[in-house]
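Below, each chain spelled out in residue letters.
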Amino acid sequence: MFLSGKGGSGKSFTIFAAEKYCHRFCQFISLPFEKTSIYLTAMTGSAAALLNGITLHLATHFESTKKINDVDRSEWESVRILVIDECSFCSQQQLELLDKRLRRLRSQLDKPYGGINIIFIGDFHQIVPFQGDPLYSKYCLHWHGLINTVVFLQNDHRFKDDPEYGRLVERFSNGTATKNDIKLVNSRLLNNGKGNGGIHELPKDDTNDICYACAYNAERNSITTSIFSNYVNETHKMNASDLDLSEIPKDVVIIESAMFDKNGERCSANFESKVYNMCGDADVKAGRTKKVDPALKFYSGVPLMITDNKFIKDGREMGQNVLV
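Residues numbered from 1 in each chain as written. Predicted model: local features only at pLDDT ≥ 70, side-chain atom pairs only at ≥ 80, totals over all residues. Heavy atoms only, no water.

1. What about helix 1 (residues 11-28)?
Here's step 1: Along its 18 residues, helix 1 runs 26 Å from first to last C-alpha, staying within 8% of the 26 Å computed at 1.5 Å per residue.
Here's step 2: If you check which residues of helix 1 are buried, you get Lys11, Ile15 and Cys26. Along helix 1, the residues classed as buried sweep out an arc of 45 degrees about the axis, all on the same side. Structural note: helix 1 exposes Phe13, Tyr21, Arg24, Gln27 and Phe28 on the side pointing more than 90 degrees away from its buried face.
Here's step 3: Next to the buried residues of helix 1 lie strand 1 (2-4), strand 2 (38-42), strand 4 (81-85) and strand 5 (117-122).
Here's step 4: Looking at the residues trailing helix 1, positive phi occurs at Ser30, about 60 degrees. (Helix = DSSP H or I, 4+ residues; strand = E, 2+ residues; numbered from the N terminus. Expected span 1.5 Å × (residues − 1). Buried < 20%, exposed > 50% of the residue type's maximum accessible area, 1.4 Å probe, protein only. Arc of directions from axis to C-beta. Contact = heavy atoms within 4.5 Å.)

2. Concerning the pattern of salt bridges
One side chain can pair with another of opposite charge once the charged atoms of both are near each other.
Here's step 1: Inspection of the entire model under this criterion finds six salt bridges.
Here's step 2: For the salt bridge of Glu170 with Lys6, the shortest nitrogen-to-oxygen distance reads 3.0 Å. Residue Glu170 is found in helix 6 (residues 163-174), and its partner Lys6 is found in the loop between strand 1 and helix 1; the two are separated by 164 residues along the sequence.
Here's step 3: Using a relative accessible area of 28% as the deciding quantity, one classes Lys6 as partly exposed.
Here's step 4: Of the charged contacts in the structure, one is a salt bridge between Asp181 and Arg171, with a shortest N-O distance of 2.7 Å. With Asp181 in helix 7 (residues 179-186) and Arg171 in helix 6, this pair connects stretches of sequence that are 10 residues apart.
Here's step 5: Residue classification places Asp181 among the buried residues on the basis of a relative accessible area of 5%. (Salt bridge = Lys/Arg side-chain N within 4 Å of Asp/Glu carboxyl O.)

3. As for the packing of aromatic side chains
Here's step 1: Under the counting rule described, the total for this entry stands at 10 aromatic pairs.
Here's step 2: Between Phe89 and Phe130, the aromatic rings sit 6.0 Å apart at their centres with planes inclined by 50 degrees, giving tilted as the arrangement. Here Phe89, found in the loop between strand 4 and helix 5 (92-105), pairs with Phe130, found in the loop between strand 5 and strand 6 (150-152); they are 41 residues apart in sequence, far enough to count as distant.
Here's step 3: Note on Phe130: relative accessible area 73%, which makes it exposed.
Here's step 4: Ring centres 5.9 Å apart and planes at 80 degrees place the aromatic pair Phe124 and Trp143 in the edge-to-face group. Here Phe124 is found in the loop between strand 5 and strand 6, whereas its partner Trp143 is found in the loop between strand 5 and strand 6, with 19 residues between them in sequence.
Here's step 5: Take Phe124: its relative accessible area is 23%, and that puts it in the partly exposed class.
Here's step 6: Residue classification places Trp143 among the buried positions, given a relative accessible area of 6%.
Here's step 7: An aromatic cluster of at least three residues, connected via ring pairs, comprises Phe2, Phe120, Phe124, Tyr136, Trp143 and Phe152. (Phe/Tyr/Trp six-rings, centres within 6.5 Å; stacked < 30°, edge-to-face > 60°.)

Any functional reading would require information beyond the geometric quantities listed.
What follows is the structure, given as structure tokens:
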């Protein structure tokens, strides 16, 4: 089944409603309903977290050299329906790999997708796969030959309180945005930091509900530095020349990375690697090729980006900004 519709039409809500209905139905007729009876997955970590599910890659280990074992197969014994959100990110090549993987996971080598019923959710007006052919680009047996139900939602829930903005987003989606649409969106952009020492000018109001779109890591770090500077200025007033580290608030931690220790000896490559992979990402050189942010700044409410997919089941995924 292919469930589609523009952003805000209620695709995710429909899945939640269907899952709740199936759960209550199974309770009524005394059939077990496992957490994976309707297995909620998505092509991206962000979409998976919104579904309270996991990524398709993690669920099926596809595009992996990992050999399927009995433990992997047991996880799929209770699955009746597989939900795949953001299917516009999926390529035809990935779909073929998924078919092979599910046949092995279900021990049903002669059945497409191992006999699993699949609900694909997505909007092909959105981003295409990073590699490979989009599902609709040419005939694909695993898509065109097996989809037997298509549902397009026509609702507009997300923009019910701002229909004008909803129509604007739809025009961008359809490729029919006007000059006035572009002008309106550009009028909402924050200061890009240029002409201000490279530091972003933050909004003057007290709201924290601000989304920043950053093309480069340096911009993101500039925003973090601005927020950090404002926070420190509010919590301890002092001149830079009178800086006393003992006066830094106790709820602020500054971790500085130095390529040389206090004796002037170069730090180990292992230390550099840890700083690069766990602390930094910006525009300060460390060695010939690596770049790190020289200070990782923590404070109450600091936005941080998760760099792995270990906590998707808890609603936190790689690339997501969270607050400390």
